[in-house]
Amino acid sequence: MLILLAILIGIVAGLRAMTAPAAVAWGAYLGWFDISQSSLSFMGSIWAVVIFTILAVVELVTDQLPSTPSRKVPVQFGARIIMGALSGATIASAGGTLVVGLIAGIIGAVIGTFGGAAGRAYLAGRFGRDLPAALIEDVVAIALALVIVAAVS
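Cut-offs applied
Per-chain numbering applies: the sequence of each chain, read as written, is numbered from 1 onward. For this predicted model, a pLDDT threshold of at least 70 governs which residues receive local features, and a threshold of 80 or more governs which side-chain atom pairs are given and counted, while totals over whole chains, interfaces and linings are taken from all residues. Each side-chain value is worked out from all heavy atoms of the structure, with water and hydrogens disregarded. Here a strand is any run of E in DSSP of at least two residues, a helix any run of H or I of at least four, and the numbering for each starts at the N terminus. Only the C-alpha atoms count toward the radius of gyration. The rule for a globule is 2.2 Å times the residue count to the power 0.38. Burial status follows relative accessibility: with a 1.4 Å probe on protein chains alone, a residue under 20% of its type maximum counts as buried, one over 50% as exposed, and anything between as partly exposed. When checking whether two residues touch, look at their non-hydrogen atoms; a contact exists if any pair is within 4.5 Å. To be clear on the numbers: accessible area is Shrake-Rupley with a 1.4 Å probe, and residue cover counts the displayed protein chains and nothing else. In this count, Lys and Arg are taken as positive residues and Asp and Glu as negative ones, while His and the chain termini are left out. Note on charges: their place is set at NZ of Lys, CZ of Arg, CG of Asp or CD of Glu. Pairs were defined over the aromatic rings of Phe, Tyr and Trp, the Trp ring being its six-membered one, requiring ring centres within 6.5 Å. Orientation was assigned from the angle between planes: stacked under 30 degrees, edge-to-face over 60, tilted for the rest.

Broken down by element type, the chain carries 6 helices and 0 strands. For 153 residues, the compact-globule formula gives about 15 Å, and the C-alpha radius of gyration of the chain, at 15 Å, lands near that figure. Expressed as lengths along the three principal axes of its C-alpha atoms, the size of the chain is roughly 50 × 25 × 25 Å. Counting across all 153 residues of the chain, residues that qualify as buried make up 44%. Here the analysis covers contacts within the chain between residues at least 6 apart in sequence; of these, 73% occur between residues at least 24 apart. Carbon together with sulfur atoms contributes 76% to the accessible area of the chain, which is approximately 7400 Å² in total. Averaging the locations of the 7 positively and 6 negatively charged side chains of the chain gives two centres separated by 10 Å.

Structure representation (structure tokens):
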């Protein structure tokens, strides 16, 4: 089950790179799952919560800007893979399978990046503009992240 959740949180990272680690940090900080004996225990610290929450909010705002580059350019894609790996590994470390979770998070991030781009492009075409599609993607990413983190325990 943790591997599936690691893949799913990777998908969230593919949609919104910083939403995934912010949600995972909050879940660990609130004690929804225990990573205290893991090498990723820092993800349950108040510092991780504050930093990733700020980055997630900034990302939600900047994603709406027309000058924001595609999620598929190397820097953006790389960030999504790294955040998917970190988030997946953190979730899986609750069950002692950190490396498998890291790989699952990467797989999910790739799926989320390309699937999210295709879904958003489709919705933007249907709406005739990008903003409603972007906002729907925001809601999906946040809701999915919350469901995943709540399911880890």
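For the rest of this paragraph, the subject is the packing of aromatic side chains. Evaluation of the coordinates by the stated rule reveals 2 aromatic pairs. Between Trp26 and Tyr29, the ring centres sit 6.1 Å apart and the planes meet at 85°, which makes this aromatic pair edge-to-face. Taken together, the residues Trp26 and Tyr29, both in helix 2 (residues 19–29) and 3 residues apart, mark about one turn of the helix. Judged by its relative accessible area of 36%, Trp26 is partly exposed. The exposure class of Tyr29 is partly exposed, given its relative accessible area of 40%.

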